[in-house]
Each structure stands twice: as C-alpha cells, then as structure tokens.
Amino acid sequence: MSKPHILQMGQLPEWDEAPLHDTYQVHRYYDAPDKGAFLSEIGPGIKAIATRGDLGAGADVIAACPALEIISVFGVGYDAVDLTACAARGIAVTNTPDVLTDDCADLALGMWLALSRGIVAADAWARSGDWALKGGFPLQHRACSKRAGILGLGRIGMAVARRLQGFGMQISYNARTPRADCADWQFVASATELATQCDVLFVTLAATAQTRHIVNASMLDALGPDGLLVNISRAQNIDEGALLDALEQGRLRGAALDVFEGEPQLNPRFARLGNVLLQPHHASGTFETRRAMGQLMRDNLAAHFAGKPLLTQVQ
Ligand code: 8YV
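The rules we used
- Every residue gets a number counted from 1 within its own chain, in the order that chain's sequence is written.
- Local features in this predicted model are restricted to residues whose pLDDT is 70 or higher, and side-chain atom pairs enter the listing and the counts only when it is 80 or higher, whereas totals over whole chains, interfaces and linings include all residues.
- Only heavy atoms go into the side-chain values, all of them from the structure, while hydrogens and water stay out.
- Aromatic pairing here means that ring centres of Phe, Tyr or Trp (its six-membered ring) are within 6.5 Å. Orientation follows from the plane angle: under 30 degrees is stacked, over 60 is edge-to-face, and everything else is tilted.
- Numbered from the N terminus, helices here are DSSP runs of H or I no shorter than four residues, and strands are runs of E no shorter than two.
- Partly exposed residues are those whose accessible area sits between 20% and 50% of the maximum for their type, while under 20% is buried and over 50% is exposed, using a 1.4 Å probe and protein chains only.
- UniProt positions are given in the numbering used here, feature names are shortened, and annotations may be inferred rather than shown by experiment.
- Side-chain atoms within 4.5 Å are what join buried Ala, Val, Leu, Ile, Met, Phe, Trp, Tyr and Cys residues into a set we call a nonpolar core.
- Contact criterion: two residues are considered in contact whenever any of their non-hydrogen atoms come within 4.5 Å of each other.
- A pair of strands counts as paired when DSSP detects no fewer than two bridges linking them.
- Axes, fitted as lines to C-alpha atoms, cover a helix only where it is in contact. Angles between the N-to-C directions of the axes lie from 0 to 180 degrees.
- Salt bridges are counted wherever a side-chain nitrogen of Lys or Arg sits within 4 Å of a carboxyl oxygen of Asp or Glu.
- Under the rule applied, a polar contact is a pair of N or O atoms within 3.5 Å (in protein, one hydrogen donor and one hydrogen acceptor; residues adjacent in sequence only if both atoms are side-chain atoms).
- What sets the label is the angle itself: under 35 degrees gives roughly parallel, over 145 gives roughly antiparallel, 65 to 115 gives roughly perpendicular, and the rest give oblique.
- In this scheme the crossing of two helices becomes right-handed for a clockwise turn of the near helix relative to the far one and left-handed for an anticlockwise turn of less than a right angle.
- Ten residue types, Ala, Val, Leu, Ile, Met, Phe, Trp, Tyr, Cys and Pro, are classed as nonpolar, four, Asp, Glu, Lys and Arg, as charged, and the remainder, Gly among them, as polar.

A.B. asks: Go over the packing of aromatic side chains with me, naming the residues and quoting the values.
C.D. replies: In total, this model carries eight aromatic pairs according to the counting rule given. Judged by centre distance (5.5 Å) and plane angle (75°), the ring pair of Trp 125 and Phe 137 falls under edge-to-face. Of the two residues, Trp 125 is situated in helix H6 (residues 119–128) and Phe 137 in the loop between helix H7 (130–134) and strand S6 (147–151); the sequence distance between them amounts to twelve residues. Owing to a relative accessible area of 26%, Phe 137 belongs among the partly exposed residues under this scheme. Arranged with centres 5.4 Å apart and planes meeting at 80°, the rings of Phe 260 and Phe 270 form a pair that is edge-to-face. Taken as a pair, Phe 260 in the loop between strand S11 (254–257) and helix H12 (268–271) and Phe 270 in helix H12 lie far apart in primary sequence, ten residues in all.

Written out as structure tokens, the structure reads:
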C-alpha cells in the first residue's frame, strides 16, 4: 500500500522525523524555497498536516490541500490553525495536551522566581567579578507569600496555581466560570480586577480571537508599578507595545516572557530592558515532554489512518 502524503510545517525532533518518514510520504513545507509553487505541486495529494503549536496551518495552506483530512498539532495550543476553514471542510484537528502541563508550569515558576530575585543578573554579577569589585548584589523583592493572579485556569493554570500554593501564595483566578474544585482559590470575574488584586499575574490562557490583547495598558496599570507579569501562553494575549511602554516607564516592575509577537524575532526594545526575563518559547522544551508530544502527535495521525478514534481531538 502506498504511504499517505503528509505536509510537515516545521522542523520536529529527530526521533519524530524517522518514524514519520517510515510511515508517510513527508513533504517539508519549511524547506521549500517557493512555498506557492511547492503547494501547487504537492497540495492536491496531501491527506494530513503535521505542524507545531507555534506554526499552525493558515487558510492558504489548508486551501491548497483539497484532500486534507487531519491536522495534527505538536503542541497544546492550536490557535495558529485556521479552525474555521477546518470546520467548513470537516478537517479534524488534534493537539498534545496534558503531556506538557508540568513542564510548562515548572518553567512559569522558574521564570517568576528568577525575575523576582534577579537570578540571571546575580549570576552575571558573580561571574563578572562585580561581587569582588562592587560588593554584594543589590537586594531584591521577596517572591513567596504574596498574591498571585492566574489568568486562565485550564490545565496549565491549575498546575501553576498548585505549585504556587507550596510557596505560600494567596491565589486568585479569572476564568470563564468559577471552578467548583478550586474552593481555596478566589474567583475574580473581571480580568482587570484580578490584576488590581495581585502582585504577580500569570497568563496561562489559551489564545482565541476573544483573548487578543486581553492584557492591555489599563490592565498593566491595574497591576501597577510593584506588579510582575509572567506569560507562558501566547504573545497575542498581551498588547506587547503597551507592555514595553509600561516596562520602560516603570509603570510595571517586571515581566517574564516565553512568547513574543513575531517570534523568533524579538522587538529590540526588550533587549534594552533590565526588568525583563526572556525565554525562547521553551516552556515545553524538555526531552521527556517533547518525546511525549511527538508520540501523541504521531499516534493521532496513526489513529486517523487506521480509522480509529482520535486520541486528543480539539475539533
Ligand atoms: C510548541 C506550544 O508546540 O504547546 C504549545 O502550544 O506552543 C509549544 O509547545 C513548541 O513551540 C514546539 O515547537
């Protein structure tokens, strides 16, 4: 039997590449110098797309693949997949939830601790000889036993909140509805009110058209000059221009960010700031999690082509 033709949107770990190539006729979108010509040539034969959370699949790619049946996302976020186009054509979409929750939550806490305590700058202080030259590192603000706001209490938000409990944090959250299983945490119906009530705001919200720039200038002002922001969700949940203004003007104490508009290119204003901690979209970036994500992405494809129920279908 001939192998189904699949379109691969971006690079994947080597341990996923080999099994994909064994099972499918793989066409690499990201390697094609002329994307339009490439899609016109191979698009009609494509049955599945394997893509990453950060890359998704846009309307143009989906339209160029008239026989497309499934998009399997290597990532929990599927905001970059054109869901409307998929729904209109009955194209299934799968993602890789759960397997990355703990690592994403770990990184969120690591970013928060590093930002709060100036760990990156303190490392540079020790390495550079400043310690011997200038004396002790400047005092920082305490991280633990403060008020944390969780914007979006899904799987990752829950994992962040549970970890924060161990740090004696008082936890409030904003979500569509209060969660009956989170009675110890305070539900706050308005996102801006949540920002007013916390010292550090964790953004753990799935990105949709409705959440675009939900963290805007007025929310940053509600967080205030003593506030910290940690974003491990998607860049579009934050008005990045407003965030940069607030950081530059000292209207916000600091921000720890794993995601950026136009990543992997960063707005050069970030690199000039001392009150930010920057990560290269790496919340799920461990061997353990990336292996599990790849397996689940491939298992969804295999289930589809075997006519079996999909493991983690989002639509
Ligand atoms: C990406 C992510 O998939 O899970 C998500 O939604 O954004 C990440 O885990 C990662 O960029 C993979 O390359």
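A.B. asks: Provide a residue-level description of the UniProt feature "domain: D-isomer specific 2-hydroxyacid dehydrogenase NAD-binding" (unreviewed entry) in the protein chain, including the pertinent values.
C.D. replies: Here, the residues flagged by UniProt with the feature "domain: D-isomer specific 2-hydroxyacid dehydrogenase NAD-binding" (unreviewed entry) are residues 109–283. A helix fraction of 35% and a strand fraction of 15% characterise residues 109–283, whose end C-alpha atoms lie 11 Å from each other.

A.B. asks: Any details on the nonpolar core? Residues and values, ideally.
C.D. replies: One finds Trp 112, Ile 150, Leu 153, Val 160, Leu 164 and Phe 202 to be the most contacted residues of the largest nonpolar core, which totals 48 residues. Examining the composition of this core, we find that eight residues originate from one element, helix H5 (residues 101–117), more than from any other. Ignoring any residue separated from it by four or fewer positions in sequence, one finds Val 160 in contact with Ala 105, Ala 108, Leu 109, Ile 150, Phe 202 and Thr 204. Ranked by size, the runner-up nonpolar core spans 28 residues in total, among them Cys 198, Leu 244, Leu 247 and Phe 260.

A.B. asks: Describe the sheet that holds strand S3 (residues 46–52), listing the residues and the values that go with them.
C.D. replies: The strand order S2-S1-S3-S4-S5 describes an open sheet built from five strands, whose pairing is parallel. In this open sheet, the two edge strands, each paired with only one partner strand, are strand S2 (25–28) and strand S5 (92–94). With direction set aside, neighbouring strand axes in the sheet form an average angle of 20°. The pairing of strand S1 (residues 5–8) with S3 spans four bridges and is classified as parallel. By the bridge assignment for S3, Leu 7 is matched with Ile 49. Of the strands in this sheet, S1, S3, strand S4 (70–74) and S5 are in contact with helix H13 (residues 287–305), which crosses S4 at around 170°.

A.B. asks: Tell me what's going on with the pattern of salt bridges, and back it up with residues and numbers.
C.D. replies: The full count for this structure, using the stated rule, is 16 salt bridges. Residues Arg 28 and Glu 17 are paired through a salt bridge, measuring 2.9 Å at the closest nitrogen-oxygen approach. On the criterion of sequence distance, the pair formed by Arg 28 in strand S2 and Glu 17 in helix H1 (residues 14–23) is long-range, its members being eleven residues apart. Between Asp 181 and Arg 179 there is a salt bridge, with the nearest N and O atoms lying 3.0 Å from each other. Given the relative accessible area of 52%, Asp 181 is considered exposed. Judged by its relative accessible area of 30%, Arg 179 is partly exposed. In this structure, a network of salt bridges that share partners links the residues Glu 17, Arg 28 and Asp 31.

A.B. asks: Mind laying out the side chain of Thr 51, listing which residues take part and the relevant values?
C.D. replies: Looking at the secondary structure, you find Thr 51 in strand S3. What makes Thr 51 buried here is its relative accessible area of 1%. Polar contacts involving the side chain of Thr 51 include one to the main-chain carbonyl oxygen of Gly 56, which spans 2.6 Å. Among all residues touching Thr 51, those that are not within four sequence positions of it are Met 9, Gly 56, Ile 71, Ser 72, Val 73, Phe 74 and Met 297.

A.B. asks: Summarise the packing of H5 against helix H8 (residues 155–165); cite the residues concerned and give the values.
C.D. replies: Put simply, H5 and H8 touch, their axes get as near as 8 Å, and they point 50° apart. If you check the angle between H5 and H8, you find them oblique. Crossing of H5 against H8: the hand is right-handed. Only Arg 155, Ile 156, Ala 159, Val 160, Arg 163 and Leu 164 of H8 make contact with H5, whose side of the interface consists of Thr 101, Asp 102, Cys 104, Ala 105, Asp 106, Ala 108, Leu 109 and Trp 112. Residue composition of the contact of H5 with H8, by class: nine nonpolar, one polar and four charged.

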